[in-house]
Each structure stands twice: as structure tokens, then as C-alpha cells.
Amino acid sequence: MRILSGIQPSGALHLGNYFGMMKPAIELQEKGEAFYFIADYHSMTSLFDPAVRRQNTLDVALDFLACGLDPKKAVFFRQSDVPEVTELTWLLGTVTPMGLLERCHSYKDKVAKGVSSNFGLFAYPVLMAADILIYDSNVVPVGLDQKQHVEVTRDIAIKFNEQYGQTFIIPEPQIRSEVAKVPGIDGEKMSKSYGNTIEIFGDEKVLRKKVMSIKMDSRTPQEPKPDAEKNLAIQLLKLIAPARVAKDHEDRLRAGGLGYGDLKKAVFDNYWNYFATARARRAELAANPDYVQQVLTAGATKARSLAQQVLKRAKVASGLS
């Protein structure tokens, strides 16, 4: 089983990235042949500062390795170090119906939220399809919001195969529904583009302030909260605290008597403790940037070798070679 997943270096990685993509990806490196990449091509649709892109790319590499990605078990690389993916994007684009892209909710949602529209943002699903298909991927772990893009990938691959003969493996999405949508501090889906994130790593005081600003309702501490499971702090606590701790706070909130300030403090303390080992590991990695670059270079060599084979197959099938 070959597993493929990528993450954009468009800003500091947060709890939504971790539970929606990183944690399941790290777990899957034990169960198959994992290919994980830093999607720097994709970041060009919304990030336009080259220095920031370089720094973010390094930060994503540090974060992923600190959180448990093992380069001996997974192929880890920069997307742009495998330029074959952009060539395959063109081949796939020629069989991709415009209507398929126009129906993609991610593009419409981002434009509605004020993200500047460009061709890259609109054609994002075709590049994502190339990312997936060029490594003969079987399984793609994604958040619920990305499920449609894997479905689009399947549609494009099927269309190419119908047009030119059996060329691509049809991938399957893998979604952990219980944590597919991690709430941000405002109640919306946690996303860098919404400015509502809690970062995995960062300054303790800044992160504490963010956690303490989690949106709550106006009910007093004494009032029972029969809908305690909908509370944003409780939802986050269930991700980062031992089950008994999360249940205790949910029960106390439901019964009444637990103040929102105390609940948020519990969220921060458990969150800070959850990533303690990873923070120490990240500090070690940050002190050895040459090792991080070696990991990415070695990963790109392996990834590119496979990508060249699959691209060649597609070019032969379509009459380009």
C-alpha cells in the first residue's frame, strides 16, 4: 500500500494540521510505503513572499520531523524538487472538464472568504491530482474538506485511462471522521486563512493568550450546560487530554459550576503538555539544519525516481513519447 499526503508551507502549522493530517500520516508510515511532501508549489496560490516561503518550508520540515515522521520509514521531500509533477499537471489538465473544477467547493469558499482569485487557486485540484497519481498512490489521508479533491483526482484519472488506456492507479481517500474538522478559536474550521489557529509550536505566552480567547457563550459558570459537547474548549480538550480528563471537564460543564476561564486553562495546560516531547525534539533539529536538508534531498531523489517512471508511462500512453 502506497500512501501519499502533502501539507502547504503557507504559515505556522496548527492543531487542525496536526490532527487532520500529520498525526494520521505519521501513524500510517508504519502500515505502508509513505510519500509525504511539503507542498510549496501549492503555497504559491496564496503566499507571494519568497523569503517567507523558504522559512515556512523549513519550519514545516522541522515540525513534521519533531512530531514523529521517520525518514527511514517515509519518503519526505519538497514538492518542487520533483518538477515532473508540473508536467503531469498539464497532461491531466487537458482531459479535465471545466465543470469539474467549477464545482469544487474549496475554490468558491476561499474566494468568498476574500482570498484573491487566480488560475493556480482555480486549477489547484489538477496539481493535487498530479501529486497523487505520479506516485501510484493507493491511499490519501485527508481532512473532510479535502475529500472532494481526492474524488476529483479519481474522476481525472478515470477520464485519462478511458482516453488513453490504463495508465493510473485510482486512489482512495482515508478520512478520520472523528477529528476531520478541528474547530478554531472562533468556532469556524481551524485554518491559517481564517486567522483562528492554535499553533503546534510557538511562544508560550502568545499561545496561552490564544487559548484564553476561545469563543464562549454568555452563560454564567453556575448554569448547567446540557450542550457541553458543543463547547469549543471541550472539543479541543478531547483531542489533547487523556479521555478521563476530557470527560471530567465535560461532565462538570454540563452539570454547572465550571467557569470558562478554568476550562480554557485546562485546555492550555493539556495542550502544552501534549507537545512537550515534540518541542524538545524540534529544538534539537533546529540546531542541525544540515540534517533536515539531507532528509529532504534524499527523499526527493527517491520520489523523483518513481515520478519519472509514472510520467514516462503517461507520455507513452498519450503519444508524447
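Residues numbered from 1 in each chain as written. Predicted model: local features only at pLDDT ≥ 70, side-chain atom pairs only at ≥ 80, totals over all residues. Heavy atoms only, no water.

**Let's talk about helix 1 (residues 15–28)**
Then, in step 1: For helix 1, built from 14 residues, the straight-helix expectation of 20 Å at 1.5 Å per residue is met to within 8% by its first-to-last C-alpha distance of 18 Å.
Then, in step 2: Helix geometry: helix 1 is bent most strongly at methionine 22, by close to 35°, with proline proline 24 lying one to four residues after it.
Then, in step 3: Buried residues dominate helix 1, accounting for twelve of its 14 residues.
Then, in step 4: Residues of helix 1 that are buried: Leu15, Gly16, Asn17, Tyr18, Phe19, Gly20, Met21, Met22, Pro24, Ala25, Ile26 and Leu28. (Helix = DSSP H or I, 4+ residues; strand = E, 2+ residues; numbered from the N terminus. Expected span 1.5 Å × (residues − 1). Bend = angle between axes of the 7 residues up to and from the residue. Buried < 20%, exposed > 50% of the residue type's maximum accessible area, 1.4 Å probe, protein only.)

**Things to note about the packing of helix 9 (residues 204–212) against helix 12 (residues 260–274)**
Then, in step 1: Interaxial distance between helix 9 and helix 12 falls to 9 Å at its minimum, and their mutual angle equals 140°. Viewed along their axes, helix 9 and helix 12 adopt a mutual orientation that is oblique. As for the relative orientation of helix 9 and helix 12, their crossing is right-handed in sense. For the pair helix 9 and helix 12, contact is made by Glu204, Leu207, Arg208, Val211 and Met212 and by Gly261, Lys264, Lys265, Val267, Phe268, Asp269, Tyr271 and Trp272, respectively.
Then, in step 2: Partitioning the contact of helix 9 with helix 12 into residue classes produces seven nonpolar, one polar and five charged. (Axes fitted to C-alpha atoms, helices over the stretch in contact; angles between N-to-C directions. Parallel < 35°, antiparallel > 145°, perpendicular 65-115°, else oblique. Left-handed = near helix turned anticlockwise from the far one by under 90°. Contact = heavy atoms within 4.5 Å. Nonpolar A, V, L, I, M, F, W, Y, C, P; charged D, E, K, R; others polar.)

**Details of unusual backbone geometry**
Then, in step 1: Phi is positive for aspartate 136, close to 50°, though the residue is something other than glycine.
Then, in step 2: Note on aspartate 136: relative accessible area 13%, which makes it buried.

**Details of the nonpolar core**
Then, in step 1: Among the nonpolar cores identified, the biggest contains 59 residues, and Leu15, Met22, Tyr36, Phe64, Phe76 and Tyr271 are the most heavily contacted of them.
Then, in step 2: The leading source of residues in this core is helix 1, at eight residues.
Then, in step 3: Excluding residues that lie within four positions of it along the chain, methionine 22 makes contacts with Ile7, Leu13, Asn17, Asp63, Phe64, Cys67 and Ile200.
Then, in step 4: With 41 residues, the next largest nonpolar core counts Ala39, Met128, Ala129 and Ala130 among its residues. (Core = buried A, V, L, I, M, F, W, Y, C linked by side-chain atoms within 4.5 Å.)

**Section: the pairing of strand 1 (residues 2–7)**
Then, in step 1: Burial runs high along strand 1: five of the six residues are buried.
Then, in step 2: Note that strand 1 and strand 2 (residues 33–38) share six bridges and pair parallel. Across the sheet, residue isoleucine 7 finds its bridge partner in strand 2, namely isoleucine 38.
Then, in step 3: As a crossover connection, the stretch from strand 1 through helix 1 into strand 2 is right-handed. (Pairing = 2+ DSSP bridges. Right-handed = clockwise from strand over helix to strand, strands pointing away.)

**Remarks on the packing of helix 11 (residues 243–255) against helix 12**
Helices that pack against each other are described as a pair by the angle of their axes relative to one another and the distance between those axes.
Then, in step 1: Running from N to C, helix 11 and helix 12 point in directions that differ by 170°, and their axes come no closer than 11 Å. Considering the angle they form, helix 11 stands roughly antiparallel to helix 12. When helix 11 is examined against helix 12, the residues Val245, His249 and Leu253 are found in contact with a partner set consisting of Tyr260, Leu263, Ala266 and Asn270.
Then, in step 2: Class assignment of the residues belonging to the contact of helix 11 with helix 12 gives a composition of five nonpolar, two polar and no charged.

**Focus on the pattern of salt bridges**
Then, in step 1: Tallied over the full model, the rule gives 22 salt bridges.
Then, in step 2: Lysine 23 is the partner of glutamate 27 in a salt bridge, and the nearest nitrogen-oxygen pair spans 2.8 Å. Taken as a pair, glutamate 27 and lysine 23 lie in helix 1 at a separation of four residues, close to a single helical turn.
Then, in step 3: When its relative accessible area of 35% is taken as the criterion, glutamate 27 is described as partly exposed.
Then, in step 4: Two residues, glutamate 172 and arginine 154, come together in a salt bridge whose shortest N-O distance is 3.1 Å. You can see glutamate 172 sitting in strand 5 (residues 172–174) and its partner arginine 154 sitting in helix 8 (residues 147–164), a full 18 residues away along the chain.
Then, in step 5: Each member of the salt-bridge network shares a partner with another, and the members are Glu229, Lys238, Glu250 and Arg254. (Salt bridge = Lys/Arg side-chain N within 4 Å of Asp/Glu carboxyl O.)

**Some thoughts on the packing of aromatic side chains**
Then, in step 1: In total, this model carries 18 aromatic pairs according to the counting rule given.
Then, in step 2: Both rings, one in tyrosine 274 and one in phenylalanine 275, keep their centres 4.9 Å apart while their planes meet at 65°; by these two values the pair is edge-to-face.
Then, in step 3: Under the relative-accessibility criterion, tyrosine 274 is labelled partly exposed at 29%.
Then, in step 4: Exposure remark for phenylalanine 275: the relative accessible area of 2% places this residue in the buried category.
Then, in step 5: An aromatic cluster is defined as three or more aromatic residues linked by ring pairs; in this entry it consists of Tyr18, Phe19, Phe201, Phe268, Tyr271, Trp272, Tyr274 and Phe275.
Then, in step 6: Positioned over the ring face of tyrosine 124 is lysine 110, at 5.3 Å from the centre of the ring. (Phe/Tyr/Trp six-rings, centres within 6.5 Å; stacked < 30°, edge-to-face > 60°. Lys NZ or Arg CZ within 6 Å of the ring centre and 35° of its normal.)

**Overview of the pairing of strand 2**
Then, in step 1: Taking burial as the measure, the six residues of strand 2 include five buried ones, the bulk of the element.
Then, in step 2: The pairing of strand 2 with strand 3 (residues 74–78) spans five bridges and is parallel. Looking across to strand 3, one finds that phenylalanine 35 is bridged to valine 75.

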